[in-house]
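# Architecture and fold: a report
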Amino acid sequence: MAYRPSSARRQQTSTNPITGEKIDYSKKAHFIKDQTTPIIPTLDLTDVTDSDRQPPPLAKQYQGSARPPSAQGGVSARLGSHRPESRAYGNFDHQQAIYTNRHGNRLQNTQYDLNPDRVPAMDVKVVVPPPRPMSSRSQRALSTRLPDSVRPAMILDGKTEFTPRNSSFSSVNSAIDQFQLAWLESGNHQDSLQKVAAEEQNEQRKHELMNEQVLSDQLSRYVLSDIEQEEDRHKPIIMQQQPKRNLDRRMHDTRVKTSTSLTENLLSKRIRFSCRILTRDGKDALRELFGFYFMLDRTLAIYEYRILGKRSNALPLIPRTQYIHLSGYNQGQPYTLLDFYQGARIDFDTRSIVSLPETVRHRTKLTICITSINEQEKQVLLLDGIQDLKRREVLYSIKHPYSTEQLEHQRYLADVHQLTKPQLKNRTLIVYTSLAEYYRRRAHIDRHDDKDSICICEKEDLLAGLHEYKIHLSAGHFAYIWSHMSIQGEANEFLNLLFGELNERRFAQVIKAYSKLDSSKTGHTDIDTMKKFVNLYGHPYGIQNHLTDEQLWSRFCDTFRFALDYPRVSYSEFLNVYEALNIAIDQDDDFIHLVNNTWHI
């Protein structure tokens, strides 16, 4: 490398044209023998005086700096200065309550006086504006007091103060609630879940059997009743061709297959689901129903599973045909495969169905609720033959089956439940069952053949029951629930909308428990039958010898004393008990364990 002459080198000094100061560039800025000497001179702050502003109350508790470690040293950290207590950028030192410059040196006359009495407290008077007068519309919406014409008879008699039962309004759970919820403490939760899994395998076998019988029924039904079978029977008969004894041979003239007959390949595109009748009648609620939807012509059929002797059969309940929506956004349109999912409800017009039982035929509308469906089979059928551009829309419809109206309805009811459920805390079971009993006594039960299946109340009766048991509900919420009831004034549906209903998984366990108590499917049971199946010796009070056998049985009977025909208990009253426990128990596994442990399922 050639040596450059001094004339080509950069000048070692220069002069500032403004100040006239001479600057020497020969010294290296990054190497200083005395590292303690700062490059930038300290700032003279002798004239800085203390201020009245005090540090925050938690200043002494603060440890360290909010800046990252790379920034705590500032410029001097990069130069190698040794200052373990340095603070960057001249910030406030919260540990010592002093100001430091950017090199960590303490500034003069900048220490705070942390004495709170240093500055006298100021008496500030806050002027609160007067409350705005509430409009009459807001008063009607927020008021829960009822007029004298609506309030209970006990208030009309002059007793203006309502004295509730001590067990209902105590700070701890009532005796009835404690007794029923104690079944959660005994038994093994894992065993209960394993039993449920084993029962699901048995249900799968039942589904396969129903699938075979329904398929054979559908393949043979339409061939025999096809219109083409009647064409050959009405042809003129020539006497010379046949003898007189063979004039009528309809059995031999029947065709095995017609032009419109179905085949197994045509019916292969179908979906199977389990369902139940949405009713409070125990006879119809215990029916095991299976539905089949055929993609060939968008037809739907409902079959009932029955055991006749030692053989299980599939009996048609609703014939296979095309059905349409009776209400809602899709009213008048036929049902599609997207309308079938767990929890979906399908409405049928009973006037056009002749094969319905007598207990259902008197209604104008029959509602079927889907309890379980194979979502994988449903997805395969929906995506069969769909282009790639529309697959995303179909998958979104499968994952989000609820419409916008249904989602808004669910959100509104969830808000209502957040207001009503805390009011039943520690008294859920006793208040819920007493409220159901109150509505049954106020209902016009003489209008119906079965007084336990349906309970119609007036609007004033529903409001009076809420008032008596200290359940506060605004007029707007009550009006919304009243307008969304399928049967106006039905008390059980009102309670379900007000506090929430059983989901399908919990409801299935309650049905299994009641089917043991009502094996003949009469719609009611009694206390003596319950004593044969209830697990009293597995109750924690019995295991720990807190109660005798007679006390255990008396405590258990207290749960069902609200029944109108006690010791006879109807299906609806039995369901009221577990609808109340549904409010008190959050987890599905705990609820299933309680039912299984109570009834040896």
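Scope of this entry: the structure provided in the associated data block. (Residues numbered from 1 in each chain as written. Predicted model: local features only at pLDDT ≥ 70, side-chain atom pairs only at ≥ 80, totals over all residues. Heavy atoms only, no water.)

## Re the overall build of the chain
What counts, and what does not: Numbering of helices and strands runs from the N terminus, with a helix taken as a DSSP run of H or I at least four residues long and a strand as a DSSP run of E at least two residues long. Three labels apply to residues, based on accessible area from a 1.4 Å probe with only protein chains included: buried if under 20% of the type maximum, exposed if over 50%, partly exposed otherwise in between. When checking whether two residues touch, look at their non-hydrogen atoms; a contact exists if any pair is within 4.5 Å. Calculation of accessible area relied on Shrake-Rupley with a 1.4 Å probe; when residues are assessed, cover is drawn exclusively from the protein chains displayed.
In terms of regular secondary structure, the chain is built from 21 helices and twelve strands. Burial status across the chain gives 37% buried among its 601 residues. Residue pairs at least 24 apart in sequence account for 65% of intrachain contacts in the chain once pairs closer than 6 positions are excluded. Surface summary for the chain: the accessible area is close to 38,000 Å², and the carbon and sulfur share equals 51%.

## A look at helix 14 (residues 475-483)
By the burial criterion, the buried members of helix 14 are His477, Phe478, Tyr480, Ile481 and Trp482. Of the surrounding elements, those touching the buried residues of helix 14 are helix 11 (404-420), helix 13 (459-468) and helix 15 (491-499).

## Topic: the environment of Arg506
Heads up, the rule is: Think of a polar contact as two N or O atoms within 3.5 Å of one another; within protein, one of them needs to be a possible hydrogen donor and the other a possible acceptor, and neighboring residues in sequence only count if both atoms come from side chains.
Its place among the elements puts Arg506 in helix 16 (residues 504-517). Sequence separation between Arg506 and Tyr578 is 72 residues, and the spatial gap between their C-alpha atoms is 9.2 Å. Each residue touching Arg506, except ones within four places of it in the same chain, is listed here: Asn582, Ile585, Asp586, Gln587, Asp588 and Phe591. Among the polar contacts listed, one links the side chain of Arg506 to the backbone oxygen of Asp586, at a separation of 2.7 Å. Reaching out from Arg506, the side chain makes a polar contact with the backbone oxygen of Gln587 at a distance of 3.3 Å.

## Observations regarding the nonpolar core
Stated formally: Put simply, a nonpolar core is a bunch of buried Ala, Val, Leu, Ile, Met, Phe, Trp, Tyr and Cys residues held in one set by side-chain atoms that sit within 4.5 Å of each other.
Within the largest apolar cluster, 72 residues are counted, with the highest numbers of intra-cluster contacts made by Tyr439, Phe494, Phe556, Phe574, Tyr578 and Trp599. Apart from the residues within four sequence positions on either side, Trp599 is in contact with Ala513, Lys516, Leu517, Met530, Phe533, Val534, Phe556, Phe574 and Tyr578. Listed in part, the 30 residues of the second largest apolar core include Phe340, Ile346, Ile368 and Leu381.

## A few points about the pairing of strand 6 (residues 288-294)
Side chains on a regular strand alternate between the two faces of the sheet. For the record, the criterion: Strand pairing requires that DSSP identify at least two bridges connecting the strands.
Buried residues dominate strand 6, accounting for six of its seven residues. Bridge count for strand 5 (residues 270-277) against strand 6 is six bridges, and the pairing is antiparallel. Counterpart to Arg272 in the pairing with strand 6 is Phe292. Relative to strand 7 (residues 299-308), strand 6 runs antiparallel, the two being bridged by seven bridges. The residue bridging Glu288 from the neighbouring strand is Tyr305, located in strand 7. In sequence, strand 6 turns back onto strand 7 through a hairpin of four residues, with Arg298 there showing a positive phi of about 55°.

## Things to note about the side chain of Thr420
Tracing the backbone shows Thr420 in helix 11. Other than its neighbours up to four places away in sequence, Thr420 contacts Leu473, Leu498 and Phe499.

## Some points on the packing of aromatic side chains
What counts here: Aromatic contacts are taken between Phe, Tyr and Trp rings whose centres are within 6.5 Å, Trp giving its six-membered ring; a plane angle under 30 degrees counts as stacked, one over 60 as edge-to-face, and the others as tilted. Criterion for a charge above a ring: Lys NZ or Arg CZ within 6 Å of the ring centre, and within 35 degrees of the ring normal.
Summed over the entire model, instances satisfying the criterion amount to 25 aromatic pairs. Seen in terms of ring centroids, Phe290 and Tyr305 are 6.4 Å apart; in terms of plane orientation they differ by 75°. Their pairing is edge-to-face. Separated by 15 residues along the polypeptide, Phe290 in strand 6 and Tyr305 in strand 7 bring together distant segments of the chain. Members of the aromatic cluster, each reached through a chain of ring pairs, are Phe179, Trp183, Tyr514, Tyr541, Trp553, Phe556, Phe560, Tyr571, Phe574, Tyr578, Phe591 and Trp599. If you follow Arg320 out to its NZ or CZ, it ends over the ring of Phe294, 4.8 Å from the centre.

## Here's the deal with the sheet that holds strand 10 (residues 365-373)
By way of backbone hydrogen bonds, the strands of a sheet pair with one another, either parallel or antiparallel. So the rule is basically this: Orientation is described by axes fitted as lines to C-alpha atoms, over the contacting stretch for helices, and by angles from 0 to 180 degrees between their N-to-C directions.
Spatially, 8-7-6-5-10-9 is the arrangement adopted by the six strands of the open sheet, whose pairing is antiparallel. The open sheet has two free edges, formed respectively by strand 8 (311-321) and strand 9 (345-349), since each of these has just one partner strand. Each strand of the sheet is rotated relative to its neighbour by a mean of 35°, with strand direction disregarded. Note that strand 9 and strand 10 share five bridges and pair antiparallel. Its bridge partner lying in strand 10, Asp349 is registered against Lys365.

## Concerning the layout of surface pockets
Our working definition: Points on a 1 Å grid over protein atoms alone make up a cavity when a 1.4 Å probe fits among them but cannot get out, and a pocket when they form an open set with protein on both sides within 12 Å along at least five of seven lines; lining residues each have an atom within 4 Å of a point. Grid points are joined across faces, edges and corners, and a volume is the space filled by probe spheres set on the points. Just so you know the grouping, Ala, Val, Leu, Ile, Met, Phe, Trp, Tyr, Cys and Pro go in nonpolar, Asp, Glu, Lys and Arg go in charged, and all remaining residues, Gly too, go in polar.
In this structure, the second largest pocket occupies an estimated 1,300 Å³ of space. Contributing to the lining of the second largest pocket are 41 residues, with Glu203, Ser274, Thr371, Ala508 and Lys512 lying nearest its centre. Broken down by secondary-structure element, the contributors of at least two residues to the lining of the second largest pocket are helix 5 (189-224), strand 5, strand 6, strand 7, strand 10 and helix 16. Of the residues that constitute the lining of the second largest pocket, the class distribution is 14 nonpolar, eleven polar and 16 charged.

## Quick look at the packing of helix 16 against helix 21 (residues 588-599)
What counts, and what does not: Note on angle classes: values under 35 degrees are labelled roughly parallel, values over 145 roughly antiparallel, values of 65 to 115 roughly perpendicular, and the remainder oblique.
Packing of helix 16 against helix 21 leaves a shortest axis separation of 9 Å and a crossing angle of 5°. Between helix 16 and helix 21, the interaxial angle falls into the category roughly parallel. Contacts from Arg505, Arg506, Gln509, Val510, Ala513, Lys516 and Leu517 of helix 16 reach helix 21 at Asp588, Asp589, Phe591, Ile592, Val595, Asn596 and Trp599. Taken together, the residues that form the contact of helix 16 with helix 21 break down as seven nonpolar, two polar and five charged.

## Considering the pattern of salt bridges
Condition: Note on definitions: salt bridges are taken to be side-chain nitrogens of Lys or Arg within 4 Å of carboxyl oxygens of Asp or Glu.
Per the stated rule, a full pass over the model turns up 18 salt bridges. For Arg287, the salt bridge is made with Glu304, and the minimal N-O distance between the two is 3.1 Å. Here the residue Arg287 occupies a position in the loop between helix 7 (282-285) and strand 6, and Glu304 occupies one in strand 7, the gap between them amounting to 17 residues. Glu304 shares its class with Arg287; the two are buried. With a shortest N-O distance of 2.6 Å, Arg506 and Asp588 are connected by a salt bridge. Here Arg506 is found in helix 16, whereas its partner Asp588 is found in helix 21, with 82 residues between them in sequence. For Arg506, a relative accessible area of 3% gives the class buried. Counted as one network, the salt bridges with shared partners bring together Asp284, Arg287, Glu304 and Arg306.

## A closer look at the pairing of strand 10
In this sheet, strand 10 lies alongside strand 5 in antiparallel orientation, the contact comprising five bridges. Directly across from Arg276, in strand 10, lies its bridge partner Cys369.

## Quick look at the packing of helix 12 (residues 428-442) against helix 20 (residues 571-584)
Operational definition: Left-handed is the label given to a crossing in which the near helix is rotated counterclockwise from the far helix by less than a right angle, and right-handed is the label when the rotation is clockwise.
Contact pair helix 12 / helix 20: the axes reach a minimum separation of 8 Å and the direction vectors enclose 145°. Between helix 12 and helix 20 the crossing geometry is right-handed. Where helix 12 abuts helix 20, its residues Thr428, Leu429, Tyr432, Thr433, Ala436 and Arg440 lie against Ser572, Glu573, Asn576, Val577, Glu579, Ala580, Leu581, Ile583 and Ala584. Of the residues belonging to the contact of helix 12 with helix 20, the class tally is eight nonpolar, four polar and three charged.

## Some remarks on unusual backbone geometry
Each neighbour pair has its own omega, and for Tyr566 with Pro567 the value is 15°, a cis peptide bond. Note that Pro567 resides in the loop between helix 19 (549-559) and strand 12 (568-570). One non-glycine residue, Lys470, lies in the positive phi region at around 60°. Even without being glycine, Lys521 reaches a positive phi, approximately 55°. You can call Lys521 partly exposed: its relative accessible area is 38%.

The values are spatial; any link to function lies outside them.
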